[in-house]
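A structural walkthrough
Chain by chain, the residues:
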Amino acid sequence: MSANSNNSNSTSDKQKVKKEKLQELFEKFDEDKDGVLNKSELKKGFKVHANIDIQDEQITKMMDIADKNKNHMIEWEEFYNILGDSESHEVGDIAEYWLQYSSKPIVFVPVDVPSWKLLLSGGVAGAVSRTCTSPLERLKILNQVQHMKLENNAPQYSGVVRSLITMFKTEGFLGFFKGNGTNVIRIAPYSAIQFLSYEKYKKAILQSTNKTHLSTYENLAVGGSAGVTSLLFTYPLDLIRSRLTVQVFASKYNGINDAFRTIVAEEGVRGLYKGLFASALGVAPYVAINFTTYENLKKYFIQEKHSPTVFQSLAFGAISGATAQTLTYPIDLIRRRLQVQGIGGKEAYYNGTFDAFRKIIRDEGVRGLYNGMIPCYLKVIPAISISFCVYEVMKKILRIDSNKISYST
């Protein structure tokens with residue numbers, strides 16, 4: 001028997017099973033066993049068998065779509081004609097497929113995914129991605145602030161490979177991960193809140209506008225809002241991470257708690273928020289561009305209601321991260337410098353964001369705004385790739401599908 005014959009038989013068997021499953025479902029819905037479904041039976045069937053409370057106007061729409069002979073009843077042939085091409089036999093999926101059969105569904109509201117699932121997915125994504133790229137993250141920060149000469153006899157870092165070798169010779173293997181514990185403690189809730197905020201803000205706009213996708217401008221607004229939200233909740237940890245990361249020989253701070261107490265004692269509570277304004281200026285557009293680029297790539301290259309593969313997630317994340325970082329890097333550099341100045345009670349050199357911008361250009365030229373750009377690229381591209389990829393994988397593991405229709409009023 002040829003391969004084509006085998007494929008034909010397999011397809012025929014699957015179609016037969018599908019028809020039998022739909023026949024069983026039709027008979028369950030047909031409460032009075034008269035061979036047809038009326039509006040009441042249809043509405044009650046979805047409620048009893050899937051706990052889906054479909055609105056009356058939606059039921060009317062579903063009836064209109066399927067009722068070809070206009071007798072205000074759904075016969076078995078009409079039922080099968082509508083649902084025969086549905087890939088799933090789950091009652092909820094069938095309801096969604098039926099509504100989507102119309103070119104103008106009545107509502108499209110993402111399912112209200114439990115917040116803990118989004119928080120867990122985002123947290124794991126952030127922690128894994130930052131740990132994998134910790135050596136490059138630290139090298140980026142050291143490049144950004146070495147011009148400030150924070151420590152006497154501190155090594156100079158030039159070139160990615162040579163800098164990594166210098167870091168290893170100076171501090172050993174653990175030097176690659178100095179500050180990473182703080183970074184993970186910071187990035188896990190930061191990433192969790194960012195992804196949660198993005199999904200919630202996105203849902204709110206889709207629900208209010210009754211659309212299936214955000215426009216580019218809406219995506220930028222949602223991404224920027226999510227970035228600022230996560231920043232406000234976690235900023236002190238970001239500042240402490242920066243302070244711990246730039247220590248090479250001297251040990252001004254002995255861990256997170258000691259850094260927290262020392263900064264408050266020497267610089268006041270406001271010291272924990274140094275560079276917040278510059279951070280907000282950088283984070284809002286960075287996250288906005290990052291999410292917008294990623295979502296648009298998914299929209300143009302992934303079929304509706306399909307999830308990206310691991311390779312696609314990595315590729316889309318790399319493009320998104322590179323684009324966002326290129327456009328916002330100078331703000332990130334200024335943010336770091338504002339965060340680390342004043343260590344040990346030293347006099348601050350920069351008097352705010354705009355003063356830092358002016359002095360960097362004066363002292364180092366325009367290129368000074370891009371110190372550490374190469375290791376930053378090498379860190380950001382894999383970090384964002386891994387982050388989005390892990391987030392998509394976690395969504396599959398936790399069965400998060402924010403694209404599904406919600407039938408609740």
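Residues numbered from 1 in each chain as written. Predicted model: local features only at pLDDT ≥ 70, side-chain atom pairs only at ≥ 80, totals over all residues. Heavy atoms only, no water.

The next subject is the overall build of the protein. Of regular secondary structure, the protein possesses 15 helices and 2 strands. The 409 residues of the protein split such that 50% are buried. Considering only residue pairs separated by 6 or more positions, the protein has 74% of its internal contacts joining residues 24 or more positions apart. When the accessible area of the protein is evaluated, it comes to approximately 20,100 Å², of which 58% is carbon and sulfur surface. (Helix = DSSP H or I, 4+ residues; strand = E, 2+ residues; numbered from the N terminus. Buried < 20%, exposed > 50% of the residue type's maximum accessible area, 1.4 Å probe, protein only. Contact = heavy atoms within 4.5 Å. Areas by Shrake-Rupley, 256 points an atom, 1.4 Å probe, with all protein chains shown as cover.)

Attention now goes to the packing of helix α13 (residues 310-340) against helix α14 (residues 353-364). Interaxial distance between α13 and α14 falls to 10 Å at its minimum, and their mutual angle equals 105°. Comparing their axes, α14 and α13 come out roughly perpendicular. Touching L333, I334, R337 and L338 of α13 are T353, A356, F357, I360 and E364, all from α14. Looking at the contact of α13 with α14, its residues break down into 6 nonpolar, 1 polar and 2 charged. (Axes fitted to C-alpha atoms, helices over the stretch in contact; angles between N-to-C directions. Parallel < 35°, antiparallel > 145°, perpendicular 65-115°, else oblique. Nonpolar A, V, L, I, M, F, W, Y, C, P; charged D, E, K, R; others polar.)

Another aspect to go through is the pattern of salt bridges. In this structure the tally under the stated criterion is 14 salt bridges. A salt bridge links E31 to K44; the nearest nitrogen and oxygen atoms lie 2.8 Å apart. Taken together, the residues E31 in the loop between α1 (3-29) and β1 (36-37) and K44 in helix α2 (residues 39-50) connect sequence positions 13 residues apart. On the basis of relative accessible area, K44 is assigned to the partly exposed category, the value being 42%. Note that K298 is salt-bridged to E392, the shortest N-O span being 3.3 Å. One end of the pair, K298, is in helix α12 (residues 276-301); the other, E392, is in helix α15 (residues 373-397), and 94 residues separate them in sequence. For K298, a relative accessible area of 16% translates into the label buried. Classification of E392 as buried rests on a relative accessible area of 6%. (Salt bridge = Lys/Arg side-chain N within 4 Å of Asp/Glu carboxyl O.)

Per the UniProt record, the feature "domain: EF-hand" (unreviewed entry) sits at residues 17-52 and 54-89. Counted over residues 17-52, helix gives 69% and strand 6%. Its end C-alpha atoms are 25 Å apart. (UniProt positions renumbered as here; feature names shortened; annotations may be inferred.)

Turning to empty space enclosed by the protein, a few remarks are in order. With the rule as written, the count across this model stands at 3 cavities of 30 Å³ or more. Of the voids in this model, the largest cavity is the one considered here, and its volume is about 470 Å³. If you go around the largest cavity, you meet 33 residues; those closest to its centre are R130, Y190, Y286, R335 and I384. Mapped by element, the contributors of at least two residues to the lining of the largest cavity are α6 (115-132), α7 (134-145), α9 (180-209), α10 (216-245), α12, α13 and α15. Among the elements that make up the lining of the largest cavity, the one with the highest residue count is α12 (8 residues). (1 Å grid on protein atoms, 1.4 Å probe; cavity = no way out; pocket = protein on both sides within 12 Å on 5 of 7 lines; lining within 4 Å. Points joined across faces, edges and corners; volume = space filled by probe spheres on them.)

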